Amino acid sequence: MLNLERLKNNQPVVYTILNNSLVNNKLAHAYMLSGIKGSLQTETAYLLAQSLVCTKGMWACEVCDDCLRVKNNTYSDVIIIDGSKSIIKKEDVLELQSQFSMTAFEKSSAKIFIVKDAHNMTVSAANSLLKFLEEPSNDVLGILISDEVTSILPTIMSRCTELEFKLLAGDSALSLMNDLDISAREAHYFSQVVSKYLDSDEFLEAEAYLLFKDVFSKFIKTLSYDPDKSSYVLQNILLKNKDKEVVDMALNMFLDMLIVFFNDIIIGREVDELYTNMCDKFRDDYNYLELLTEVLAIKAKLVNNVNVPLLMDQLMFNFRRVM
Ligand SMILES: [Zn+2]
């Protein structure tokens, strides 16, 4: 499915606003795509950039050479500043400005910059960006993306037209996944939990997701007959990963998914055979509401500087008591 179709089906309000602007040739100089991660902000940012360079129609065709080069980050006049990988520094913004002060490289005169996780910016970077936004140029379009707009300078927000992306309902997140070649279970993980942390176009390869997926299925498979093994999975696979950020994200996904999983057993949700098998191992044996409550209590204690291995031991201790 093309991103335009996904936008139309899943974010009708955003689609309508942008469509009207394109029809009337009245795009803003800068947009802030806000709302929870995974609700199509990145896809929309690229689609909008493609629409300005694609010559096939008003909206991008998404398949021509120009569109593909934008998608693959090889189109010279579309510049990405990625705050999801590291904090955005003043130099990043200055470099953008100097590139945009030159004549366009490509045949279309449009110059577009996309700032991912725009809240992840130093104060001096934010001030440089603000100056840039205060002197709008007709052929420059800025597209900022953030799921934490409250951390962004109000002066920057006031220079942007905010487009708020609504959380996808479980079902539309599932249908959103249908065009990607993934299992129903991965779509379930994504729509229920992972979309809070990762974008739909990147989550399948993200280290935190892969760690979470591995740990979650091993944990569930062993929990009902050998809780010591489950405990081992948490302590020696999940918490032993060397990258602290990866562990943090995977741990949060794991606890969130555990909550969803117990809830799924209670409501008897069907996902796929393997998931049903995992649920069946538990069915009728335990008090899931109590297990659920234990996970929620542990998750509430998961704050900075807490001793995580100890907290996971506590979770397992409480599980054994309930089970
Ligand atoms: Zn095109």
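Residues numbered from 1 in each chain as written. Predicted model: local features only at pLDDT ≥ 70, side-chain atom pairs only at ≥ 80, totals over all residues.

1. Digging into the overall build of the protein chain
- Within the protein chain one finds 15 helices and 5 strands.
- Expressed as lengths along the three principal axes of its C-alpha atoms, the size of the protein chain is roughly 65 × 40 × 30 Å.
- Out of the 323 residues belonging to the protein chain, those deemed buried represent 39%.
- For the protein chain, the proportion of contacts with a sequence separation of at least 24, taken over those separated by at least 6, is 73%. (Helix = DSSP H or I, 4+ residues; strand = E, 2+ residues; numbered from the N terminus. Buried ≥ 20, exposed ≤ 12 C-beta atoms within 10 Å, placed from the backbone. Contact = placed C-beta atoms within 7 Å.)

2. What to know about the nonpolar core
- In terms of nonpolar packing, the biggest core is built from 46 residues, with Tyr 31, Leu 33, Ala 45, Ala 49, Ile 112, Ile 143 and Leu 144 touching the most fellow members.
- Ranked by residues supplied to this core, first place goes to helix 3 (residues 41-53) with 7 residues.
- When residues no more than four places from it in sequence are discounted, the contact partners of Ala 45 are Leu 33, Ile 114, Ile 143 and Ile 145.
- Among the nonpolar cores identified, the runner-up in size contains 37 residues, and Val 193, Tyr 197, Phe 216 and Phe 261 belong to it. (Core = buried A, V, L, I, M, F, W, Y, C linked by C-beta atoms within 7 Å.)

3. Quick notes on the environment of Ile 114
- Relative to the elements of secondary structure, Ile 114 occurs in strand 3 (residues 111-116).
- Sequence separation between Ile 114 and Thr 42 is 72 residues; the distance between their C-alpha atoms is 9.0 Å.
- Excluding its chain neighbours within four sequence positions, the residues that come into contact with Ile 114 are Ala 45, Ala 49, Ile 80 and Ile 143.

4. Re unusual backbone geometry
- For Asn 73, which is not glycine, the phi torsion reads 60° and is therefore positive.
- Structurally, Asn 73 is set in the loop between helix 4 (65-71) and strand 2 (78-82).
- Judged by the 12 C-beta atoms lying within 10 Å of it, Asn 73 is exposed.

5. Some details on the domain arrangement of the protein chain
- Domain boundaries in the protein chain define domain 1 (3-165) and domain 2 (183-322).
- Every contact between the two is made by 5 residues of domain 1 and, on the other side, 7 residues of domain 2. (Domains from an automatic or database assignment.)

6. Let's talk about helix 6 (residues 123-134)
- Relative to the 16 Å expected for 12 residues at 1.5 Å per residue, helix 6 spans 16 Å between its end C-alpha atoms, a close match to the ideal helical length.
- Buried within helix 6 we find Ala 125, Ser 128, Leu 129 and Phe 132. Summarising the axial view, the buried residues of helix 6 lie within an arc of 100°, below the 170-degree limit, and thus occupy one face. Turned more than 90 degrees away from the buried face of helix 6, the exposed residues are Val 123, Lys 131 and Glu 134. (Expected span 1.5 Å × (residues − 1). Arc of directions from axis to C-beta.)

7. So, the sheet that holds strand 4 (residues 140-146)
- With respect to topology, 5 strands assemble into an open sheet ordered 2-3-4-1-5, the strand pairing being parallel. On the outer flanks of this sheet lie strand 2 and strand 5 (161-165), each paired with one strand and no other. Each strand axis lies, on average, 15° off the axis of its neighbour in the sheet, ignoring direction.
- Strand direction decides the pairing type here: strand 1 (residues 30-35) and strand 5, joined by 5 bridges, are parallel. The partner of Met 32 across the bridge, within strand 5, is Glu 162.
- Across the sheet, helix 5 (residues 90-100) is in contact with strand 2, strand 3 and strand 4; its angle to strand 2 comes to roughly 175°. (Pairing = 2+ DSSP bridges. Axes fitted to C-alpha atoms, helices over the stretch in contact; angles between N-to-C directions.)

8. Points about the pairing of strand 3
- For strand 3, a buried count of 6 out of 6 residues is recorded, marking the element as mostly surrounded by other parts of the structure.
- Here strand 3 shows a buried face lined by Lys 111, Phe 113 and Val 115 and a second buried face lined by Ile 112, Ile 114 and Lys 116.
- As paired strands, strand 2 and strand 3 are joined by 5 bridges and run parallel to one another. Counted as the bridge partner of Ile 81 is Val 115 from strand 3.
- In terms of handedness, the path from strand 2 via helix 5 over to strand 3 forms a crossover that is right-handed.
- When strand 3 meets strand 4, the two strands line up parallel, connected through 5 bridges. Looking across to strand 4, one finds that Val 115 is bridged to Leu 144.
- With respect to chirality, the unit in which strand 3 leads through helix 6 into the neighbouring parallel strand 4 is right-handed. (Right-handed = clockwise from strand over helix to strand, strands pointing away.)

9. Topic: the packing of helix 5 against helix 6
- Following both chains from N to C, one finds helix 5 and helix 6 inclined at 25°, their axes separated by 7 Å at the closest point. Overall, the two elements helix 5 and helix 6 adopt an arrangement that is roughly parallel. Contacts between helix 5 and helix 6 involve Lys 90, Asp 92, Val 93, Leu 94 and Gln 97 from the former and Ser 124, Ala 125, Ser 128, Leu 129 and Phe 132 from the latter.
- Here the contact of helix 5 with helix 6 is built from residues that sort into 5 nonpolar, 3 polar and 2 charged. (Parallel < 35°, antiparallel > 145°, perpendicular 65-115°, else oblique. Nonpolar A, V, L, I, M, F, W, Y, C, P; charged D, E, K, R; others polar.)

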